[in-house]
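Architecture at a glance
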Amino acid sequence: MNEHILTTPAGETYPILTGAGLLQSIGTRLAEIAKPCRVMLVTDENVAPLYLDTVRDSLASAGFSVHPHVVPAGENSKSIPVLGELLEAMCEAHLTRSDLAAALGGGVIGDLTGFAAGCYLRGIRFVQLPTTLLAAVDASVGGKTAVNLVHGKNLAGLFHQPIGVYCDTGTLNTLTPHTLADGAAEAIKTGILGDGALFAIYESGDPAQSYEEIIARAVAYKAKIVAEDPTEKGVRKLLNLGHTAAHAIEILSDFSVSHGHAVAIGTAIVTRAAQKRGMLGSDAAARIIYTLRRAQLPTECPYTAAQMAQIAALDKKAAGTGITVILPVRIGECVMQKMPLADLEALFSDGLEGQS
Ligand code: NAD
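Residues numbered from 1 in each chain as written. Predicted model: local features only at pLDDT ≥ 70, side-chain atom pairs only at ≥ 80, totals over all residues. Heavy atoms only, no water.

1. Observations regarding the pairing of strand β1 (residues 2-7)
Heads up, the condition is: Pairing between strands is defined by DSSP: at least two bridges between the two strands are required. Each helix is a run of H or I in the DSSP string that is no shorter than four residues. Each strand is a run of E no shorter than two, and both are numbered from the N terminus.
Across six bridges, β1 lies against strand β2 (residues 13-19) in antiparallel orientation. The residue of β2 that forms the bridge with Glu3 is Leu17.

Next comes the structure, spelled out in structure tokens:
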């Protein structure tokens, strides 16, 4: 069992626990940080048959009154209509400010539930129970919540920190290879940003034997950054490595390219662009592309630089007529570079050159 405590500058502190079998004891774990209350337990149609009963029974036996709410699986549930239904369900369950929400699922359920918890009654507490590798290594930590709008990804959202994150590594056993690869993309991203040992697990190790270490390393890195900059005014922007292109790819594909796969392509694009611009050595660039491919991730982009640049202009990372992009300078270090939005297409063009 691994435990990490995240503390924000505002003094919000929460435990992030990782280990096998955590969901069976989630009731007693939660009782350590919250008195018995109503819990809106949100999950999706794939996760419900696998883990809903375990979580509901454990919470109920610890004295919590559980109200399950199951939404369709997939990115389309990060939407205003699904958010509206969830908020109405919270009203119907008579949730008050002393009650809480629990997100049992991947990043979609975490983002949706966190947003609902952040705005229902101007904010109630919530916990994250991540069941995908992507949610465990990234999405469940740090308090970013959102739904998508027709005009773009994550365009409505707020920062709302969970009061606890409980990641049962046993849930990773039921993931498809595709969904495991999604998580690998965010873990490799973290390795490129600041953890060479994490990168090495994917470059030459056996990730399937190392999930507890992978999650612990990724969480430790993200928690350090979030503790310094919870609302992404500065250093937290680094976590967006590969994400400007990734969000454009998700939208251009109508979300048929999953988030993690899009992040892999976006990371490959900034890697090639950094190499072309003399910021990253060719050996390091080749190692990054190799490692993404070793994790069964795509590195070739099906869209043009112009298509992606047009969508990226609407991205949250844009500010006025400028945007901050993240570029790798070596494995374990990346830099932020502000550029005019008008220069983004040229950057993407550099990143698309040399695709095999
Ligand atoms: P997801 O939540 O859609 O889960 C992927 C699929 O796996 C779904 O079909 C789901 O039903 C299924 N699933 C989940 N757990 C399972 C299990 N244990 N066994 C079998 N099937 C299971 O996708 P994701 O990749 O977890 O998350 C992607 C989302 O996370 C995107 O919307 C992305 O924007 C968001 N995200 C948020 C943050 C953040 O900081 N808030 C960071 C990264 C990504």
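2. Notes on the state of the cysteines
The condition that has to hold: Disulfides are defined as cysteine sulfur pairs within 2.5 Å.
For the coordinates displayed, the defined rule picks out zero disulfides. For Cys119, which is in no disulfide, the shortest distance to another cysteine sulfur is to Cys91 and amounts to 11 Å.

3. Considering the pattern of salt bridges
Under the convention used in this document: What counts as a salt bridge is simple: a side-chain nitrogen of Lys or Arg found within 4 Å of a carboxyl oxygen of Asp or Glu. Accessible area is worked out with a 1.4 Å probe on protein chains only. A residue is then buried under 20% of its type maximum, exposed over 50%, and partly exposed in between.
A complete count under the given rule lists 19 salt bridges for this structure. Here Glu213 makes a salt bridge to Arg217, at a shortest N to O gap of 3.1 Å. Taken together, the residues span about one helical turn, with Glu213 and Arg217 both in helix α8 (residues 211-228) at a distance of four residues. Taking relative accessible area as the criterion, Glu213 reaches 40% and is therefore assigned partly exposed.

4. What to know about the packing of helix α6 (residues 177-194) against helix α7 (residues 196-204)
This is how it is decided: Angles shown run from 0 to 180 degrees and are taken between the N-to-C directions of axes, each axis being a line fitted to C-alpha atoms and, for helices, limited to the stretch in contact. Comment on the angle field: the value is read as roughly parallel under 35 degrees, roughly antiparallel over 145, roughly perpendicular from 65 to 115, and oblique elsewhere. Each crossing gets its handedness from the near helix: less than a right angle anticlockwise from the far helix is left-handed, clockwise is right-handed. By definition in these notes, contact holds between two residues if any of their heavy atoms fall within 4.5 Å. Nonpolar residues are Ala, Val, Leu, Ile, Met, Phe, Trp, Tyr, Cys and Pro. Charged residues are Asp, Glu, Lys and Arg, and all others, Gly as well, are polar.
Where α6 contacts α7, the axes come no closer than 7 Å and their chain directions differ by 135°. Considering the angle they form, α6 stands oblique to α7. Judged by the sense of rotation from one axis to the other, the crossing of α6 with α7 is left-handed. Residue-level inspection shows Ala184, Ala187, Ile188, Thr190, Gly191, Ile192 and Gly194 of α6 in contact with α7, the latter providing Gly196, Leu198, Phe199 and Tyr202. Here the residues of the contact of α6 with α7 sort into seven nonpolar, four polar and no charged.

5. Overview of the nonpolar core
As a reminder of what qualifies: Take the buried Ala, Val, Leu, Ile, Met, Phe, Trp, Tyr and Cys residues and link them wherever side-chain atoms come within 4.5 Å; each set so joined is a nonpolar core. Segmentation of the chain into domains, including their bounds, is taken from an automatic or database domain assignment.
Core analysis: the largest hydrophobic core is formed by 75 residues, its most contacted members being Tyr202, Leu297, Met308, Leu344 and Phe348. Counting residues domain by domain, this core receives three or more from each of domain 1 (2-174) and domain 2 (177-352). If you look at the next biggest cluster of nonpolar residues, it comprises 24 residues, including Ile26, Val39, Ala48 and Leu59.

6. Observations regarding the sheet that holds strand β6 (residues 125-130)
Ordered by their spatial adjacency, seven strands build an open sheet running β1-β2-β9-β6-β5-β3-β4, and the pairing between neighbours is mixed. With one partner strand each, in any of the chains shown, β1 and β4 (65-71) form the two edges of the open sheet. Strand-to-strand, the axes of this sheet are offset by a mean angle of 15°, without reference to chain direction.

7. A word on the domain arrangement of the protein chain
Rule in force here: A 1.4 Å probe defines the accessible area here, and the buried area is the portion of it lost by two parts on being joined, summed over both. Pairs of N or O atoms within 3.5 Å make up the polar contacts considered here, provided that, within protein, one atom can donate a hydrogen while the other can accept it, and that residues adjacent in sequence are counted only when both atoms are side-chain atoms.
Entries for the protein chain in the domain assignment read domain 1 (2-174) and domain 2 (177-352). Using C-alpha coordinates to define each centre, domain 1 is positioned 25 Å away from domain 2. Between domain 1 and domain 2, the residue contacts involve 31 residues of the former and 35 residues of the latter. Interface area, domain 1 with domain 2, both sides summed: about 2,700 Å², of which 70% is carbon and sulfur. In this structure, Lys222 and Asp138 form a salt bridge, with 2.6 Å as the shortest nitrogen-oxygen distance. Our count for the contact surface shared by domain 1 and domain 2 stands at six residue pairs in polar contact (both at pLDDT 80 or more). Those elements that provide at least two residues to the side of domain 1 that touches domain 2 are β1, β2, α5 (133-139), β7 (144-149) and β8 (152-159). No other element matches α5, which puts six residues into the side of domain 1 that touches domain 2. Classifying every residue of the side of domain 1 that touches domain 2 gives 13 nonpolar, 14 polar and four charged.

8. Observations regarding the side chain of Asp99
With respect to the helices and strands, the residue Asp99 is situated in the loop between α3 (80-92) and β5 (100-105). Classification of Asp99 by relative accessible area gives buried; the value is 4%. A distance of 2.9 Å separates a polar side-chain atom of Asp99 from the backbone nitrogen of Arg38. Here Thr96 takes part through its backbone nitrogen, which lies 2.7 Å from a polar atom of the side chain of Asp99.

9. A word on the site of the ligand
Test applied: Proximity is defined per residue: any heavy atom of the residue falling within 4 Å of a molecule or strand makes that residue near it. To measure how exposed things are, a 1.4 Å probe is used in the Shrake-Rupley method; for residues, cover is taken only from the protein chains shown.
Neighbouring residues of the ligand: 27 residues in total, closest Asp44, Glu75, Thr131, Thr132 and Thr174. In the model, an oxygen atom of the ligand is placed 3.0 Å from a nitrogen or oxygen of the Asn46 side chain. Contact between the ligand and Thr132: an oxygen atom at 2.6 Å from a side-chain N or O atom of the residue. Contact with the protein chains hides 89% of the accessible area of the ligand, taken as 860 Å² for the molecule alone. When contributions to the shell around the ligand are tallied by element, the ones reaching two or more residues are α2 (48-61), α4 (107-119), α5, β8 and α6. Broken down by class, the residue content of the shell around the ligand amounts to eight nonpolar, ten polar and nine charged.

10. Notes on the pairing of β7
Strand direction decides the pairing type here: β7 and β8, joined by five bridges, are antiparallel. Counterpart to Val147 in the pairing with β8 is Ala156. What sits between β7 and β8 in their antiparallel hairpin is a turn of two residues.

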